[in-house]
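Chain residues, written in single-letter form:
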Amino acid sequence: MKGIFPVDKFADMRTPFYYYDIDLLRKTLEAINDEARRHEGFCVHYAIKANANPKVLRVIRQAGLGADCVSGGEIEASIKAGFPASKIVYAGVGKSDWEINLGLDNDIFCFNVESIPELEVINELAAKKGKVANVAFRLNPNVGAHTHANITTGLAENKFGIAMRDMFDVIEKADSLSNVSFVGLHFHIGSQILDMGDFQALCNRVNELQQQLESRRIIVKHINVGGGLGVDYEHPNRVPIPDFKAYFDTFAKRLKLRPGQTLHFELGRAVVAQCGSLLTRTLYIKEGATKKFAIVDAGFTDLIRPALYQAYHKIENISSDEAPETYDVVGPICESTDVFAKQIDLNATKRGDLLAIRSAGAYGEIMASQYNCRPLPVGYISDEL
Ligand SMILES: *Cc1c(COP(=O)(O)O)cnc(C)c1O
């Protein structure tokens, strides 16, 4: 073992691959359940889009979480993994007819609806099946999140959700349609949020909207505040489990739930990011004019976050104990953005050394592509090695 890694078992494995520390995943899920259960009416869903590896999904389903889907494929993946349809919510700005029909056929818990035309289509497709679909409206709360601009979703300028001023119109519209049943409000302000003040701002907004609804005697059964809790990418060893206590306590304290209301959460990154690492072998050390490159066999086809959002991932050489030297860690793909890190310190690295790119369990394997005709990376869980 080196840290959390069974290095000996990795010796003959083909790289790159994802490695999921299932003990850590189980501990993370326990922490979520322990903290959420302190509060009456809290229901946690897992956002499938963060990682849909079937072996990972099975562990999350066993912990009793529901599923938050953003496509028909994700509904299929969650049902296959055994998530009960009664705990599946389905969001997305562009749901196609087959995806809506799939949700209807499986009697999923709720469609999170993002526009009036979508509401009308759900009503029409439900009518054809003689069903009534539960719908919640995703409102755009115009709350900014202190996170990367590409992953903030709750500002008025973003494509997501329905404007707050249209709230009463869409509810009235739903009441006028006979094959949809209005059950709740949905929000999601962004991702990798570590400032609880952002979630407090969301709570304040939800409180305002609930007051407006109450003044018209409208009762909402469910409030869904989405996901977005961040993880510590700098210190995966020191902070392997996010502060779920601070997160759930924020909502318990600030969001004024009405009697009998349930509060839903859709956590993705916070559940799976820290348990996953991308393992890659060093192919060559290249001495450039001004710096040293560690050229590895993983590229942005395996983990696109650094290229897409300039995201930071901690990298460790788990084959070497030698004194650190400074490297740019780069992949083999024919694009200049194929860089995992610049000017970082690694234990002196040579050809064949295994590097672990940490905190890669969320938005890693699932975003892999085959650009350059590269094979997709395989994901292994610690239990199977
Ligand atoms: C992506 C997404 C989530 C999960 O976000 P995380 O930052 O991974 O927690 C939750 N809800 C919706 C609607 C999403 O699109």
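Residues numbered from 1 in each chain as written. Predicted model: local features only at pLDDT ≥ 70, side-chain atom pairs only at ≥ 80, totals over all residues. Heavy atoms only, no water.

Bringing the site of the ligand into the picture now. Lining the immediate environment of the ligand, one finds 14 residues, of which Lys49, Ser191, Glu266, Arg269 and Tyr363 sit closest. Here lysine 49 contributes a side-chain N or O atom positioned 2.7 Å from an oxygen atom of the ligand. Between the ligand and the protein, one listed contact pairs a nitrogen atom with a side-chain N or O atom of glutamate 266 at 2.6 Å. Protein coverage of the free-state accessible area of the ligand, which is 380 Å², stands at 94%. (Near = heavy atom within 4 Å. Polar contact = N/O pair within 3.5 Å; in protein donor to acceptor, adjacent residues only side chain to side chain. Areas by Shrake-Rupley, 256 points an atom, 1.4 Å probe, with all protein chains shown as cover.)

In this section: the side chain of glutamate 35. Position of glutamate 35 among the secondary structure elements: in helix H2 (residues 22-36). Residue glutamate 35 is classed as buried on the basis of its relative accessible area, which comes to 12%. Within the structure, glutamate 35 has its side chain in polar contact with the side chain of arginine 38 (distance 2.9 Å). Dropping the residues within four chain positions of it, glutamate 35 is found in contact with Phe244, Lys245 and Phe248. (Helix = DSSP H or I, 4+ residues; strand = E, 2+ residues; numbered from the N terminus. Buried < 20%, exposed > 50% of the residue type's maximum accessible area, 1.4 Å probe, protein only. Contact = heavy atoms within 4.5 Å.)

Its place among the elements puts leucine 194 in the loop between strand E8 (180-186) and helix H8 (196-215). Along the backbone, leucine 194 and isoleucine 357 are 163 residues apart, and their C-alpha atoms lie at a distance of 21 Å. Not counting the four nearest positions on each side in its chain, leucine 194 is found in contact with Gly230 and Val231.

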